[in-house]
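# Fold and geometry: a report
Read off the chains here:
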Amino acid sequence: MSTPTLKDEIVEKHGPNALDLVLTVYLNFYYSELEIIDLCARWIPRRKNLREKSYLIHHASDEVVHARLFKEGVERLGLVWDKIDHDKYRIDDIDQRFRKLYESNDEIEVLIGLNLYAEGVLAMEELHQLGRNKPEYFPEFSRIEREERRHMGFGLTVAKRLLEESEETRRRGVEYCKWYREHLDNYLGGELSQTISWAIGQGFVEADYIPRTRARFEETMSKLGLLEA
């Protein structure tokens, strides 16, 4: 008789939807890290300030470690990484957003979309709640959350410099902020709404997950003075 795995425990306690949720989290975080590594590499040659260049190098290095931790998280469940249907768990919106950022030549757009929104809002709240509520399934999430906080700090530092240097940059920043605020409403209330509701019911995230994510957005963007009524 085979020894029960963590995968078996998840299914027994919460049902097969829970395993799908856990795999969706791990797989999308993993592929997001690969996208971020490529995005950092694209901007390293463009940065002239050595300290700011080092931010990108450090950022990319962290993401290499995070990608490994997400892969190991799946394997810890008792699954074989290469035998999972990865496409089944990928969220199209995430791929589209990273493609948009990779194709952008506007650094303020990349900083707002990556460091502040993708990492400072969406990833931070997800990592925080899953790591706190289900540490047995997401044991490294508290560590990763701390490092994502550093990446947000990198983005804030560089974005503040860019915004102070040009009023036109600030105007574009305000427009990007509006775009991501609208995206957040559609994202939480659309494609992910049923998943979030189910996760709340199973205790994976708190009942106020959506308002807390929105509050995190307001707090993060306010640090750059980009919010408009």
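Preceding this paragraph is the structure being described.
Below or above, wherever it landed, is the structure these notes cover. (Residues numbered from 1 in each chain as written. Predicted model: local features only at pLDDT ≥ 70, side-chain atom pairs only at ≥ 80, totals over all residues. Heavy atoms only, no water.)

### Topic: the overall build of the chain
Counting its secondary structure elements, the chain contains ten helices and zero strands. Counting from the amino terminus, the chain carries its helices and strands in the arrangement α-α-α-α-α-α-α-α-α-α. Here the C-alpha coordinates of the chain stretch approximately 65 × 35 × 25 Å along the principal axes. Put simply, the chain has 229 residues, and 50% of those count as buried. Pairs at least 24 residues apart make up 81% of the contacts formed inside the chain by residues separated by at least 6 positions. One finds the centroid of the 34 positive side-chain charges in the chain at a distance of 4 Å from the centroid of its 43 negative side-chain charges. (Helix = DSSP H or I, 4+ residues; strand = E, 2+ residues; numbered from the N terminus. Buried < 20%, exposed > 50% of the residue type's maximum accessible area, 1.4 Å probe, protein only. Contact = heavy atoms within 4.5 Å. Lys, Arg positive; Asp, Glu negative; His and termini not counted. Charge placed at Lys NZ, Arg CZ, Asp CG, Glu CD.)

### Some remarks on the pattern of salt bridges
All chains considered together, the criterion is met by 21 salt bridges. Asp106 is the salt-bridge partner of Arg172, the closest N and O atoms lying 2.6 Å from each other. Placement of the pair is Arg172 in helix 8 (residues 167-189) and Asp106 in the loop between helix 5 (92-103) and helix 6 (107-133), with a sequence separation of 66 residues. Classification of Asp106 by relative accessible area gives buried; the value is 12%. Through salt bridges with shared partners, one network takes in Asp106, Glu168, Arg171 and Arg172. (Salt bridge = Lys/Arg side-chain N within 4 Å of Asp/Glu carboxyl O.)

### Some remarks on the side chain of His59
Considering the arrangement of structural elements, one finds His59 in helix 3 (residues 50-76). Residue classification places His59 among the buried residues on the basis of a relative accessible area of 2%. In terms of polar contacts, His59 uses its side chain to reach the side chain of Glu119, at 3.1 Å. Among all residues touching His59, those that are not within four sequence positions of it are Ile36, Cys40, Leu114, Asn115, Glu119, His151 and Phe154. (Polar contact = N/O pair within 3.5 Å; in protein donor to acceptor, adjacent residues only side chain to side chain.)

### Here we look at the packing of aromatic side chains
Using the criterion set out here, one finds 15 aromatic pairs in the structure. On the basis of an interplanar angle of 70° and a centroid distance of 4.6 Å, the ring pair of Tyr30 and Trp81 is categorised as edge-to-face. Taken together, the residues span a long stretch of sequence, with Tyr30 in helix 2 (residues 16-43) and Trp81 in the loop between helix 3 and helix 4 (86-89) at a distance of 51 residues. Its relative accessible area of 15% is what places Tyr30 among the buried residues. Between Tyr117 and Phe217, the ring centres sit 6.0 Å apart and the planes meet at 85°, which makes this aromatic pair edge-to-face. Of this pair, Tyr117 sits in helix 6 while Phe217 sits in helix 10 (residues 209-222), and the two are 100 residues apart along the sequence. When the ring centre of Phe204 is taken as reference, the NZ or CZ atom of Lys134 above it lies at 5.2 Å. (Phe/Tyr/Trp six-rings, centres within 6.5 Å; stacked < 30°, edge-to-face > 60°. Lys NZ or Arg CZ within 6 Å of the ring centre and 35° of its normal.)

### Here's the deal with empty space enclosed by the protein
By the definition in use, this model includes two cavities of 30 Å³ or more. Reported here for the largest cavity is a volume of approximately 70 Å³. Lining of the largest cavity is provided by Leu39, Cys40, Trp43, Arg47, Leu56, His59, Glu107, Val110, Leu111, Leu114 and Asn115. Mapped by element, the contributors of at least two residues to the lining of the largest cavity are helix 2, helix 3 and helix 6. Tallying contributions element by element places helix 6 first for the lining of the largest cavity, with five residues. Taken together, the residues that form the lining of the largest cavity break down as seven nonpolar, two polar and two charged. Every residue along the wall of the second largest cavity is listed here: Arg47, Tyr55, Leu56, His59, Leu111, Asn115, Phe154, Gly155 and Val158. At the level of elements, helix 3, helix 6 and helix 7 (141-165) are the ones that each hand at least two residues to the lining of the second largest cavity. The residue makeup of the lining of the second largest cavity, split by class, is five nonpolar, three polar and one charged. (1 Å grid on protein atoms, 1.4 Å probe; cavity = no way out; pocket = protein on both sides within 12 Å on 5 of 7 lines; lining within 4 Å. Points joined across faces, edges and corners; volume = space filled by probe spheres on them. Nonpolar A, V, L, I, M, F, W, Y, C, P; charged D, E, K, R; others polar.)

### What to know about the nonpolar core
Formed by 73 residues in total, the largest nonpolar core has its most connected members in Leu23, Phe138, Phe141 and Phe204. If near-sequence neighbours (up to four positions away) are discounted, Phe138 is found in contact with Val22, Val25, Tyr26, Leu130, Gly131 and Phe204. (Core = buried A, V, L, I, M, F, W, Y, C linked by side-chain atoms within 4.5 Å.)

### Some details on helix 6
Considering bend angle alone, the principal kink of helix 6 is centred on Ala123 and spans about 40°. The element helix 6 is largely enclosed, with a buried count of 23 among its 27 residues. The backbone nitrogen of Ile108 lies 3.2 Å from a side-chain oxygen of the residue at the head of helix 6, namely Asp106. (Bend = angle between axes of the 7 residues up to and from the residue.)

Function-wise, these values are silent; they only describe arrangement.
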